[in-house]
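Fold and contact review
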Amino acid sequence: MTEQTNPFESFQEQVDDAAASVDAKDGVITRLKNPERVLETNLTFERDDGSLETVRAYRSQFNGDRGPYKGGIRYHPGVTRDEVKALSGWMAYKCAVVDVPYGGGKGGIAIDPSDYSESELERLTRSFAKELRPIIGEDRDIPAPDVNTGQREMNWIKDTYETLENTTAPGVITGKAIDSGGSEGRVEATGRSVALAARETFDWLDRDLAGASVAVQGYGNAGSVAAALIDELGGNVVAVSDSSGGIHAPEGLDPRAVKEHKTETGAVSGYGDAASITNEELLTMDVDLLVPAALENAINGDLAADVAADVIVEAANGPLTPRADDVLVENGVHVVPDIFANAGGVTVSYFEWVQNRQRFYWTESRVNEELERIITEAFDGIIDAYEGRDVRDLRTAAYVVAIGRIVDAYGQAGSWP
Ligand code: NAD
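Residues numbered from 1 in each chain as written. Predicted model: local features only at pLDDT ≥ 70, side-chain atom pairs only at ≥ 80, totals over all residues. Heavy atoms only, no water.

Some words on the domain arrangement of the protein chain
How big an interface is tends to be stated in terms of the accessible area lost upon association of its parts. What the domain assignment reports for the protein chain is domain 1 (37–176) and domain 2 (189–341). When each unit is reduced to the centre of its C-alpha atoms, the spacing between domain 1 and domain 2 is 28 Å. Domain 1 puts eleven residues into the contact, and the matching count from domain 2 is seven residues. Broken down residue by residue, the surface that domain 1 buries against domain 2 is led by Trp90, Lys94 and Val97, which jointly contribute 51%. Here domain 1 is connected to domain 2 by one salt bridge. For the salt bridge of arginine 74 with glutamate 296, the shortest nitrogen-to-oxygen distance reads 2.8 Å. (Domains from an automatic or database assignment. Contact = heavy atoms within 4.5 Å. Buried area = accessible area lost by both parts, 1.4 Å probe. Salt bridge = Lys/Arg side-chain N within 4 Å of Asp/Glu carboxyl O.)

Quick word on the packing of aromatic side chains
Under the definition given, this model contains 14 aromatic pairs. Aromatic pair phenylalanine 11 and phenylalanine 62: ring centres 5.4 Å apart, planes at 90°, arrangement edge-to-face. One end of the pair, phenylalanine 11, is in helix H1 (residues 7–19); the other, phenylalanine 62, is in strand E2 (residues 52–63), and 51 residues separate them in sequence. We classify phenylalanine 62 as buried; its relative accessible area is 1%. Both rings, one in tyrosine 350 and one in phenylalanine 351, keep their centres 6.0 Å apart while their planes meet at 45°; by these two values the pair is tilted. According to the relative accessible area criterion, phenylalanine 351 is buried, its value standing at 3%. What links up through ring pairs into an aromatic cluster is the set Phe8, Phe11, Phe62, Trp90, Tyr93 and Tyr399. Over the ring of tyrosine 102 we find lysine 70; its NZ or CZ atom is 6.0 Å from the centre of that ring. (Phe/Tyr/Trp six-rings, centres within 6.5 Å; stacked < 30°, edge-to-face > 60°. Helix = DSSP H or I, 4+ residues; strand = E, 2+ residues; numbered from the N terminus. Buried < 20%, exposed > 50% of the residue type's maximum accessible area, 1.4 Å probe, protein only. Lys NZ or Arg CZ within 6 Å of the ring centre and 35° of its normal.)

Some words on the sheet that holds E2
Sheet architecture is open: five strands sit in the order E1-E2-E4-E3-E5, paired in mixed fashion. The sheet is open, and its two borders are formed by strand E1 (37–46) and strand E5 (141–145), each paired with just one other strand. Strand after strand, the sheet turns through a mean of 20° between neighbouring axes, direction not considered. Both strand E3 (residues 69–75) and strand E4 (residues 103–109) contribute to a ladder of five bridges, which runs parallel. The residue of E4 that forms the bridge with tyrosine 69 is glycine 103. This element, helix H3 (residues 81–97), spans E1, E2, E3 and E4 of the sheet and lies at about 150° to E4. (Pairing = 2+ DSSP bridges. Axes fitted to C-alpha atoms, helices over the stretch in contact; angles between N-to-C directions.)

Here's the deal with the sheet that holds strand E7 (residues 236–242)
Spatially, E9-E8-E7-E6-E10-E11-E12 is the arrangement adopted by the seven strands of the open sheet, whose pairing is mixed. Single-partner strands in this sheet number two, and they are strand E9 (275–277) and strand E12 (334–336). Strand-to-strand twist across the sheet, computed as the mean angle between neighbouring axes with direction ignored, equals 20°. The pairing of strand E8 (residues 245–248) with E9 spans three bridges and is classified as antiparallel. By the bridge assignment, isoleucine 247 is partnered in E9 with serine 276.

Quick word on the side chain of asparagine 356
Along the chain, asparagine 356 falls in helix H13 (residues 344–358). Within polar-contact distance, the side chain of asparagine 356 engages the backbone oxygen of glycine 181 at 2.8 Å. Look past the residues within four positions of asparagine 356 in its chain and what remains in contact with it is Pro170, Gly171, Ile173, Lys176, Gly181 and Tyr361. (Polar contact = N/O pair within 3.5 Å; in protein donor to acceptor, adjacent residues only side chain to side chain.)

Section: the site of the ligand
The ligand sits among 23 residues. The nearest are Asp146, Thr190, Asn221, Ala222 and Asn317. Taking tyrosine 219, its main chain carries an N or O atom lying 3.1 Å from an oxygen atom of the ligand. Residue serine 243 places a main-chain N or O atom 3.0 Å away from an oxygen atom belonging to the ligand. When the ligand sits alone it has 820 Å² of accessible area, and the protein chains cover 82% of it. Those elements that provide at least two residues to the shell around the ligand are helix H6 (186–204), helix H7 (221–232) and E7. A breakdown of the residues in the shell around the ligand according to their chemical character gives seven nonpolar, eleven polar and five charged. When residues of the shell around the ligand are assigned to domains, at least three fall in each of domain 1 (37–176) and domain 2 (189–341). (Near = heavy atom within 4 Å. Areas by Shrake-Rupley, 256 points an atom, 1.4 Å probe, with all protein chains shown as cover. Nonpolar A, V, L, I, M, F, W, Y, C, P; charged D, E, K, R; others polar.)

Some words on the nonpolar core
Nonpolar side chains tend toward joint burial in soluble globular proteins. By size, the foremost hydrophobic cluster in this structure holds 87 residues, and its most contacted members are Tyr93, Leu289 and Ile403. When residues in this core are grouped by element, the largest group, ten residues, is from helix H15 (residues 394–413). Residues lining this core come from more than one domain, with at least three contributed by each of domain 1 (37–176) and domain 2 (189–341). The contact partners of leucine 289, leaving out residues within four places of it in the chain, are Ala198, Phe202, Leu209, Ser213, Val214, Ala215, Ile230, Val311 and Val313. (Core = buried A, V, L, I, M, F, W, Y, C linked by side-chain atoms within 4.5 Å.)

Regarding a negative patch on the surface
Taken together, the side chains of Asp231, Asp254, Glu260 and Glu264 define an acidic patch exposed on the protein surface. Take aspartate 254: it is sitting in the loop between E8 and helix H8 (255–265). (Patch = residues over 30% accessible without salt bridge, like charges linked within 9 Å, V, L, I, M, F, W, Y side chains within 5 Å. Lys, Arg positive; Asp, Glu negative; His and termini not counted. Charge placed at Lys NZ, Arg CZ, Asp CG, Glu CD.)

Considering H7
Think of an α-helix as 3.6 residues a turn; residues three or four steps apart then line up on the same face. With twelve residues, H7 extends 17 Å between its outermost C-alpha atoms, agreeing within 8% with the 16 Å of an ideal straight helix rising 1.5 Å per residue. For H7, every residue scored as buried is listed here: Ala222, Gly223, Ser224, Val225, Ala226, Ala227, Ala228, Leu229 and Ile230. Tucked into the core, H7 has its buried residues touching H6, strand E6 (213–217), E7, H8 and strand E10 (289–292). Where H7 ends, the next residue or the one after it, glycine 234, has phi of about 105°, a positive value. (Expected span 1.5 Å × (residues − 1).)

Re the pairing of E8
When E7 meets E8, the two strands line up antiparallel, connected through four bridges. Among the inter-strand pairings, aspartate 242 is bridged to a residue of E8, identified as glycine 245. Counting the residues between successive antiparallel strands, the hairpin from E7 to E8 contains two residues.

Structure, rendered in structure tokens:
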């Protein structure tokens, strides 16, 4: 039988695993496995040569029990309805596990953005923002960046929304540039929480992150910042990769210099004297810490059997298939789940939104201090659930914490006659 790699089915399996340890009615769990609604739309926009092109786009609003829907917008050829549904579900649990008052959402356009000019991407993004306008808003649904989107796209969406609504509403979207109402520390936030998650986990295991060998798969926003901050905490980043392949230097790489090399050349490969390796070699390397920071399903059950790392901290969303999880639990590998480890992004998005609503902006050190407090408290909550509830792994423990919070909010809202 081939392994299930539909991310939405993987997501539902994860919820089912945890639901067994939560006191909630079946009907409530079914609710927590499915989005409240999904927008599927076809966007027509003009290419630079005057021709028209139509592409598919989605926005999934998963759960609004704890606050407005919240989650990124991804531009990638692999975007599908099921992928967006899964990602929106992970967002709902992520917000709950770090106790940020949002539900989950996610959106995407099924394109390879490198096929388009900047002006084409602007027209396409504004066209998506026009479709999203009736369903987003500061108190309704707040998008953010994800794979292949960043400040530029967020600024376009904010401008389109504000123009059509004839208002100023910077909190309609997060991940904006600082001068457009963005927050200090937002760009680094996801990598920062990954590094903090690694630090807390190594402390909990009575191990030293200083001197630990580290491999990072995916060298975009999440992976490159995580590598640099883990390096600052004393970790020794020996291997990194991107979609063009990987590099390995047993004595350690300089993560910031590798990032500069990637910015200049478009790839990590070719950096200094580092040896070339494949992504599979990176994922099965004998290191203390492995950080998957690319896309979903990077490690399936077969590959998991060859994983030699002691700890995996998931920077990407859904990098392990459920079968990979089973194999890794069996082999005693500690997996620190995505819904906690990469929650720094949504947490600082929350700070950005709070600052937008207050029209009062924080210093970077305040942002980083508040983030550290939230991440360390969330880690303690997961460990309490792990040690107190007899669940099989940290992922299940994180879901138990998150499901409990959403179920409570839903229950407290009461029912309509
Ligand atoms: P990004 O586009 O900045 O980087 C993605 C990186 O992965 C690129 O370096 C790309 O080359 C690499 N990659 C793609 N396919 C690969 C493959 N098969 N093997 C190795 N590398 C590959 O995206 P990002 O924002 O860093 O997001 C990465 C992951 O982190 C995604 O799962 C995303 O959902 C998750 N995430 C990001 C944020 C955020 O704030 N950026 C927040 C939470 C979660």
